[in-house]
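Structural characterization, general
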Amino acid sequence: MTESSMDTTTTERTDAETTTTATETTTGESDERTNPAWREYSFPGDPVLSIEDLNVWYDDDHALTDISIDIPEQSVTALIGPSGCGKSTFLRCLNRMNDRIKSARIEGTVSFNGQNIYADGANLVELRKRIGMVFQQPNPFPKSIRENVAYAPRKHGDIERGLVPKLLGREDVQKEDELVERCLRDAALWDEVDGRLEDNALGLSGGQQQRLCIARCLAVDPEVILMDEPASALDPIATAKIEDLIDDLAEDYTVVIVTHNMQQAARISDQTAVFLTGGELVEYGDTDQVFEDPESQRVEDYISGKFG
Ligand SMILES: Nc1ncnc2c1ncn2[C@@H]1O[C@H](COP(=O)(O)OP(=O)(O)OP(=O)(O)O)[C@@H](O)[C@H]1O
């Protein structure tokens, strides 16, 4: 974020703080939406994602309230908080996956490299290639390992395979081989599947399937990878491999991850956003600082296990 835009943002939010303080006085309840900790988090370089005044409702249920944060590139951002506080909702807003939920209504701005992804005419196919997603349950296609990785590049015409290109002599066999190997290497799976790329992906272990899903995501050359509890269905060894992989991926990609596991967030992320009940973002900042010296008492209580 540039200094001038930070100034503007700070000024705009002062009004919101005043409003919230008035609410506090009326209700007499502790309301830490006034806590400015997450608003002052700054980092070198430009944000790859910039979220401004994001609100989400499912029918009348207000799931996210006035979320404004910037996410730095080539880093890991962890989203933590108790069940139902809106972490997955927030994650899905970042590549418009919530568009698929009929009851969802979204207000605010999500800018990806400066372009509002909610602007009229946004190209959702392109958006989801640039901002890929990995889900809690590994969900490979019931196809070969090779076809899983090559599926989207073939579908989007980035690689030509099949009978017609073969007859026309235009099959990109070598290009596909290179892409499949590169993605499987980048997903730390190549050594385990080299020589059996034609085997069905459903024969892989859960942890291997999840790394295959990450390889599939990498095959369309994303810039951001969204992960919704990618290791929660895995055993500790498979989880450790995914964590190591996330660490490596952050050298080239921007990773945003939802996790219930606070130790995992502390281990793998550069910055952490803490959501609390009611869809509020209560704290956002450098992970060490959030865990070791949180600004908010509610976050300290949550992290120390007093609730959630
Ligand atoms: N598809 C949906 N339709 C209606 N309400 C939804 C939908 N998805 C989420 N919600 C509601 O929005 C709120 C936030 O849910 P969300 O799944 O984003 O929270 P979460 O923090 O990711 O929860 P968890 O940690 O349990 O996965 C909850 O009240 C939830 O019931």
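Here the residue index of a chain counts from 1 through its sequence in written order. Given that this is a predicted model, residues contribute local features only at a pLDDT of at least 70 and side-chain atom pairs are listed and counted only at 80 or more, while totals for whole chains, interfaces and linings are drawn from all residues.

An unreviewed UniProt entry lists the protein under the name Phosphate ABC transporter ATP-binding protein, PhoT family, from Halostagnicola kamekurae.

A few points about the site of the ligand
Taken together, 13 residues sit near the ligand, with Y58, S83, K87, S88 and T89 positioned nearest. The element contributing the most residues to the shell around the ligand is helix 2 (residues 87-93), with 3 residues. Should the C-beta atom of a residue, placed from the backbone, lie within 6 Å of a molecule or strand, that residue is near it. Segments assigned H or I by DSSP are reported as helices when at least four residues long, segments assigned E as strands when at least two residues long, and all are numbered from the N terminus.

Quick look at the confidence of the model for the protein
Mean pLDDT for the protein: 86, with 86% of residues reaching 70 or above. Overall, residues 1-36 carries pLDDT values under 50, and its contacts beyond four positions in sequence, including any with other chains, amount to 23 contacts. Per-residue confidence from the prediction method is given by pLDDT, with values spanning 0 to 100. Each residue gets a C-beta atom placed from its backbone, and two residues are in contact if those atoms lie within 7 Å.

Some words on the sheet that holds strand 5 (residues 115-116)
In spatial order, the strands read 2-1-4-5; together these 4 strands make up an open sheet with antiparallel pairing. Only two strands of the sheet have a single partner each, and these edge strands are strand 2 (61-72) and strand 5. Pairing geometry for strand 4 (residues 104-112) and strand 5, over 2 bridges, is antiparallel. Paired with S111 across the bridge in strand 5 is N116. Any two strands with at least two DSSP bridges between them are considered paired.

Here's the deal with helix 9 (residues 236-249)
In this analysis, the expected span of each helix is defined as 1.5 Å times one less than the number of residues it contains. With 14 residues, helix 9 extends 20 Å between its outermost C-alpha atoms, agreeing within 8% with the 20 Å of an ideal straight helix rising 1.5 Å per residue. Those residues of helix 9 not exposed but buried are I242, L245, I246 and L249. For helix 9, the buried positions fall inside an angular range of 105° around the axis, keeping them on one side. Opposite the buried face of helix 9, by more than 90 degrees, sit the exposed residues P236, I237, D244 and D248. Among the structural elements, strand 3 (76-80), helix 8 (206-218), strand 7 (224-228), strand 8 (254-258) and helix 10 (262-268) are those in contact with the buried residues of helix 9. Burial is judged by counting other C-beta atoms within 10 Å of a residue's own C-beta: 20 or more means buried, 12 or fewer means exposed, and anything between counts as partly exposed, with every C-beta placed from the backbone. By construction, the arc corresponds to the directions joining the helix axis to the C-beta atoms.

As for the packing of helix 8 against helix 9
Each axis is a line fitted through C-alpha atoms, and for a helix only the stretch in contact is used; angles between axes span 0 to 180 degrees, taken between their N-to-C directions. Axis separation between helix 8 and helix 9 bottoms out at 9 Å; the angle between their running directions is 20°. Considered as vectors, helix 8 and helix 9 are oriented roughly parallel to each other. Crossing of helix 8 against helix 9: the hand is right-handed. Counted together, G206, G207, Q210, R211 and I214 of helix 8 and A238, K241, I242 and L245 of helix 9 form the full contact between these two elements. Its residues placed into classes, the contact of helix 8 with helix 9 shows 4 nonpolar, 3 polar and 2 charged. Every angle not falling under 35 degrees, over 145, or within 65 to 115 is termed oblique; those three ranges are roughly parallel, roughly antiparallel and roughly perpendicular. Working rule for handedness: look at the near helix, and if it is turned counterclockwise from the far one by less than a right angle, call the crossing left-handed; if clockwise, right-handed. Under the scheme applied here, ten amino acids are nonpolar (Ala, Val, Leu, Ile, Met, Phe, Trp, Tyr, Cys and Pro), four are charged (Asp, Glu, Lys and Arg), and all others, including Gly, are polar.

Side note on the environment of K102
Along the chain, the position of K102 falls in the loop between helix 2 and strand 4. The exposure class assigned to K102 is exposed, which follows from the 8 C-beta atoms found within 10 Å. With 169 residues separating them along the chain, K102 and Q271 place their C-alpha atoms 32 Å apart.

Focus on the nonpolar core
Inside soluble globular proteins, nonpolar side chains tend to come together where they are buried. A set of buried residues drawn from Ala, Val, Leu, Ile, Met, Phe, Trp, Tyr and Cys, joined through C-beta atoms within 7 Å, is what defines a nonpolar core. Membership of the largest hydrophobic core comes to 74 residues, with the highest contact counts inside it found for L79 and A215. No other element matches the 6 residues that helix 8 contributes to this core. Not counting residues within four places of it along the chain, the set of residues in contact with A215 comprises V149, C183, L184, A187 and L189.

With respect to the environment of M262
Examined against the element boundaries, M262 turns out to sit in helix 10. As a C-alpha pair, M262 and Y302 span 40 residues in sequence and 10.0 Å in three-dimensional space. Apart from residues no more than four positions distant in its own chain, M262 is found in contact with I80 and I303.

Considerations on the packing of helix 4 (residues 145-155) against helix 6 (residues 173-186)
At a minimum axis distance of 10 Å, the contact between helix 4 and helix 6 shows a crossing angle of 110°. The orientation of helix 4 relative to helix 6 falls into the category roughly perpendicular. Every pair of crossing elements has a handedness; the one defined by helix 4 and helix 6 is right-handed. Taken together, the residues of helix 6 that come into contact with helix 4 (itself represented by R146, V149, A150 and P153) are E176, L179, V180, C183 and L184. Taken together, the residues of the contact of helix 4 with helix 6 break down into 7 nonpolar, no polar and 2 charged.

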